[in-house]
Amino acid sequence: MKFLLFVELVNSHDAVAKMMLTVKQGNLSIESINIHKTGDDKLSAILMLEGEENKADWLAHKLLNFPYYKSTALLKQIK
């Protein structure tokens, strides 16, 4: 299954690296990622990922356990 995930995060190399490691931990594949600067200290990212259906919600909730991430939203699931 493919899905789109929106993430608001702090503007930090560590935040981006931790996001990629968490995607890997969930056995997800990245099809595309777009990261944009939305302020001096904020970034927004839209990730198109492929993996098991339950991993979309898992990733959205897992990222919020870290202080780097302000919000996550599952935008769309594509079967």
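Residues numbered from 1 in each chain as written. Predicted model: local features only at pLDDT ≥ 70, side-chain atom pairs only at ≥ 80, totals over all residues. Heavy atoms only, no water.

**Here's the deal with the overall build of the protein**
Item 1. In terms of regular secondary structure, the protein is built from two helices and four strands.
Item 2. Each helix and strand of the protein, ordered N terminal to C terminal, gives the series β-α-β-β-α-β.
Item 3. For a compact globule of 79 residues, the expected C-alpha radius of gyration is about 12 Å, and the protein comes in at 12 Å, within 12% of that figure.
Item 4. Classification of the 79 residues of the protein by burial places 29% in the buried group.
Item 5. With the model as given, the accessible surface of the protein reaches about 4800 Å², and the carbon-plus-sulfur share is 49%. (Helix = DSSP H or I, 4+ residues; strand = E, 2+ residues; numbered from the N terminus. Rg over C-alpha atoms; globule rule 2.2 N^0.38 Å. Buried < 20%, exposed > 50% of the residue type's maximum accessible area, 1.4 Å probe, protein only. Areas by Shrake-Rupley, 256 points an atom, 1.4 Å probe, with all protein chains shown as cover.)

**What to know about the environment of E50**
Item 1. Tracing the chain through its elements places E50 in strand 3 (residues 42-50).
Item 2. When the C-alpha atoms of E50 and L4 are compared, they prove to be 9.0 Å apart, with 46 residues separating the residues in sequence.
Item 3. Those residues in contact with E50, other than ones at most four positions away along the chain, are M1, K2, L28, S29 and E31. (Contact = heavy atoms within 4.5 Å.)

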